[in-house]
Amino acid sequence: MKVKKQFRAGVSRRKFVQLALVMSPAFALAACGEQATSTVAAITGAPPSPTTAPAAPTLAATATQPIPTATQVVPTTAPAPMPTTVAPVPTTAASVPGTTQRATQVLLPTPNCTSKVVKTIAEEEGPYFKPTSPERASLIETGIGGTKLVVAGYVLSTDCKPVKNALLDFWQADTNGQYDLQGFKLRGHQYTDENGRFSLETVVPGLYPGRTRHIHVKVQAPNQSILTTQLYFPNEARNQTDRIFNQTLLLQMQDVTGGGKQGNYNFVLSI
Ligand SMILES: [Fe+2]
C-alpha cells in the first residue's frame, strides 16, 4: 500500500496524460502482433498457439536476422527449379554430396576438350521416376539378375570443365523390362567426385513394349537446373523405330575383362 501511495503521489495528472500517450503505440503494436499471429494460423490451418507456446518472432527478433548476402540469393539467370515431382536433392545426413562410394574403379578416357563440347540434350522423364532414391553407386543387390554393366563418365560444363558434386539420379527397368514401383530396385543417386567423374554399377536393362533399351537419368550441377535425359545402347534394332531415340545419347560400349560390359558417357551441362 505504501508503494501504491507513493505511485499516486508521484504521478501528477500531467504526467499521467504523458504516460498514456507513450503507452498507446505499445498497446496498438501488441494488438497488431496478436492479429498477425491469428492470420498466419488461419492460412496454415494450424490451431491457435497455446498460451505456453513460445512467442511468435517479434519485430525486434526479425530485425536481428542476418541480411542474405549476394551469394545466398538464388541467381535469376540460372534458377534451380525443382519440379514438384522431383526430389533428387537428399535431405539425410548420409546423403551429403561427395560421400558416394565408387562402385567400381574404371578407366575413363580423358574428356576431349580440344573440340567444342555440345550440351547433352534433354529427354522426357517418362512415367516411372520416383523421388528420394537411395544414395548408392551400385544398384546390384539380391534378386537383381542380368548382364553386369558399368556406366561411367564425367559431368562437364560446356567449356569442358569437370563439375564436382554433380548429382546423378539413375533409374531403369530390370533385365525383364520391369520397373520397381513399390521399392527402389535399380534406382539410386550419386555425386561426381573431385574430378567430375561418376560410375554406376548396374545390369543391362531389359526391353519393354514400345521402347528401345535405355537408362533414365537426372543430372544436376550444384545449384543449377536439372537435366533429365536417357542413355541408349548401340546396335539395338529398336533404335531405328523408337520415337525419342537420339544417337547423341549413345553409350560407348566395351566388354570388360572377366565378364560384363562398360558404357561410357560424358554429360555436358549448359553451365
Ligand atoms: Fe523407361
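Rules used in this analysis
- Residues numbered from 1 in each chain as written.
- Predicted model: local features only at pLDDT ≥ 70, side-chain atom pairs only at ≥ 80, totals over all residues.
- Helix = DSSP H or I, 4+ residues; strand = E, 2+ residues; numbered from the N terminus.
- Buried ≥ 20, exposed ≤ 12 C-beta atoms within 10 Å, placed from the backbone.
- Contact = placed C-beta atoms within 7 Å.
- Core = buried A, V, L, I, M, F, W, Y, C linked by C-beta atoms within 7 Å.
- Pairing = 2+ DSSP bridges.
- Axes fitted to C-alpha atoms, helices over the stretch in contact; angles between N-to-C directions.

A. Summary view of the overall build of the protein chain. Secondary structure assignment for the protein chain yields three helices and nine strands. Listed N to C, the secondary structure of the protein chain is α-α-α-β-β-β-β-β-β-β-β-β in terms of helices and strands. Across the 271 residues that make up the protein chain, the buried fraction comes to 23%. The contacts in the protein chain between residues at least 6 apart in sequence include a share of 77% that link residues at least 24 apart.

B. The nonpolar core, seen in detail. V151, V155, A166, L168 and V219 are the most contacted members of the largest nonpolar core, which totals 31 residues. When contributions to this core are tallied by element, the ones reaching two or more residues are strand 1 (148-157), strand 2 (167-171), strand 4 (197-203), strand 5 (214-220), strand 6 (226-232) and strand 9 (267-269). In terms of residues, this core owes the most to one element, strand 1, which gives seven residues. When near neighbours in sequence (up to four residues on either side) are disregarded, A166 contacts V155, Y191, T192, G196, V219, Q220 and A221.

C. Main features of the pairing of strand 5. Taking burial as the measure, the seven residues of strand 5 include seven buried ones, the bulk of the element. Burial along strand 5 is two-sided: H214, H216, K218 and Q220 and I215, V217 and V219, pointing in opposite directions, are all buried. Pairing analysis gives five bridges linking strand 2 to strand 5, with the strands arranged antiparallel. Within strand 5, the position partnered with D169 by the bridge is K218. For strand 5 and strand 6, the ladder comprises seven bridges, and the chain directions are antiparallel. Among the inter-strand pairings, H216 is bridged to a residue of strand 6, identified as Q230. A loop of five residues connects strand 5 with strand 6, the two strands running antiparallel in sequence, and N223 in this loop sits at a positive phi of about 60°.

D. Layout of unusual backbone geometry. Phi at L186 takes a positive value of approximately 60°, unusual for a residue other than glycine. Looking at the element boundaries, L186 is found in the loop between strand 2 and strand 3 (187-191). On the neighbour-count criterion, L186 (24 C-beta atoms within 10 Å) is buried. In this model, N235 sits at a positive phi of 60°, which is unusual for a non-glycine residue. The residue N235 is located in the loop between strand 6 and strand 7 (252-255) in this model.

E. Region of the structure containing the sheet that holds strand 6. Taken in spatial order, the four strands of this open sheet run 3-2-5-6, and their pairing is antiparallel. At either end of the open sheet lies a strand with only one pairing partner, and these are strand 3 and strand 6. Averaged over all adjacent pairs, the angle separating strand axes in this sheet is 20°, with direction ignored.

These results come straight from atomic positions and should not be treated as a statement about function.
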